[in-house]
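Architecture at a glance
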Amino acid sequence: MNLPLFARRLLRPLLDPYRRYRHAKLIHAVRVSIGLLATILLTTGINLPHGEWASVTMLIVIGGLQHHGNIGKKAVERAYGTLIGASVGLLLVLQQAYFGQPLLTYLLMSVVCGFFSYHAIGKGGYIALLSAITVFIVAGHGDNPISDGLWRTVDILIGIVLALAFSFALPLYAVYSWRYNLASALRDCAEIYSRIINGRSVTDDEHLKLMNRLNAAMLQLRSLMPSVSKEVRISMTELDAIQRHLRMCISTLEILGNTRPDPRDEQASARMQVMLKAEHRQIRVQLVGMARALKSGVTERLERPSHIGAEPALDAPVYSALDGYRLLTVQLAQNVDAMRQRLAKSAGRWKI
């Protein structure tokens, strides 16, 4: 669809993945605000009793989650927890109305919630916890009217549906954060490698700042992987393999920084520069190329193979620290190339 120029400029911040990633918090805040307004207008407009529970559910489902993959999972768990808890809560209200024994109701509620708490630790814990909470929302202490319990259940389900609807409106995909954080990490790797081979200090504040940023990026990328896997159907095994290549790259860079030739030994440094000229260029080109492909979505550069015949070099005996440095550099080149191949293989899924 061809939009007028002014419309394209107006919508560019919303349609461009990188801009949506950069302004994700603002977009999320606006989306939640509009979603809450929608729940308030809907429940008050049709005069639903206890309509505030629709707004509470909206906040629970999407308030603290900005990524689409997490929101869908949270909404499904919220729905299961609501249905289970509401059913139990209504049964408790019915038995209270029939037997009229508050102490029995309190005992049953305590036992039921103890059962849910037992299952709240471990897999499916969120569903169990929400079930226990919903029991009290619907039944109170057993003295809530059945009609109130039914209306609150309806309000919670309305909140879930609206939360899902707003999660599909201008979705904030976890794969965007994964792509751009990985791209930033690869650029930092390229910068650290340049510092190492050019004889710059590996103990000054700038170098340590880059290493700390890489370690933080590793943790953030790990936390995004489950959501990315759900959103773009890349297996966790494949994502973990990419993460492992990045981890090996960072570890190898740390070792290289401590085993490189002494920059003051100009003869040894010059010999290494000549001997590893092809590897130096290949590593930097591939690191920056992968970062550009991840950021822009133009993945053709990932199809360019490495032309370094590194396999025989790894079998060579190590006679000195310089030989160890040379073999580590070759190993880094192989690791970076393997990462490029994995990114190229999965590019059709993550470049949304």
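First, a word on what this report is: a plain description of the structure on this page.

Across the interface, helix 6 (residues 102-119) lies against helix 7 (residues 125-139) with an axial gap of 7 Å and an inter-helix angle of 160°. Classified by the interaxial angle, the pair formed by helix 6 and helix 7 is roughly antiparallel. Judged by the twist between their axes, the crossing of helix 6 over helix 7 is left-handed. Residues Met 109, Cys 113, Phe 116 and His 119 of helix 6 pack against Gly 125, Ala 128, Ser 131, Ala 132, Val 135, Phe 136 and Ala 139 of helix 7. Of the residues in the contact of helix 6 with helix 7, the class split is eight nonpolar, three polar and no charged.

Turning next to the state of the cysteines. Applying the stated rule across the entire model yields zero disulfides. Cys 189 provides the cysteine sulfur closest to Cys 249, a residue in no disulfide bond, and the two sulfurs are 3.9 Å apart. Relative accessible area serves as the criterion here: at 3%, Cys 249 is assigned to the buried category.

Another point: helix 6. With 18 residues, helix 6 ought to run about 26 Å at 1.5 Å a step, and its terminal C-alpha atoms sit 26 Å apart, in line with that. For helix 6, the set of buried residues is Thr 105, Met 109, Cys 113 and Phe 116. Buried residues along helix 6 cover an arc of 55° about the axis, so they all sit on one side. Relative to its buried face, helix 6 has exposed residues pointing more than 90 degrees away, namely Leu 103, Leu 107, Ser 110, Val 111 and Tyr 118.

In the structure shown here, the tally under the stated rule is seven salt bridges. Between Glu 191 and Arg 200 there is a salt bridge, and its shortest N-O distance comes to 3.7 Å. Among the salt bridges present, the one from Arg 244 reaches Asp 240, with a minimum N-O distance of 3.4 Å. A residue pair is termed a helical-turn pair when its members lie 3 or 4 positions apart in one helix, as Arg 244 and Asp 240 do in helix 11 (residues 236-259) at four residues. Accessibility expressed as a relative area gives 35% for Arg 244, which makes it partly exposed. A cluster of three or more residues bridged by salt bridges with shared partners is formed by Arg 222, Asp 240 and Arg 244.

Procedures and definitions
Residues numbered from 1 in each chain as written. Predicted model: local features only at pLDDT ≥ 70, side-chain atom pairs only at ≥ 80, totals over all residues. Heavy atoms only, no water. Axes fitted to C-alpha atoms, helices over the stretch in contact; angles between N-to-C directions. Helix = DSSP H or I, 4+ residues; strand = E, 2+ residues; numbered from the N terminus. Parallel < 35°, antiparallel > 145°, perpendicular 65-115°, else oblique. Left-handed = near helix turned anticlockwise from the far one by under 90°. Contact = heavy atoms within 4.5 Å. Nonpolar A, V, L, I, M, F, W, Y, C, P; charged D, E, K, R; others polar. Disulfide = S-S within 2.5 Å. Buried < 20%, exposed > 50% of the residue type's maximum accessible area, 1.4 Å probe, protein only. Expected span 1.5 Å × (residues − 1). Arc of directions from axis to C-beta. Salt bridge = Lys/Arg side-chain N within 4 Å of Asp/Glu carboxyl O.

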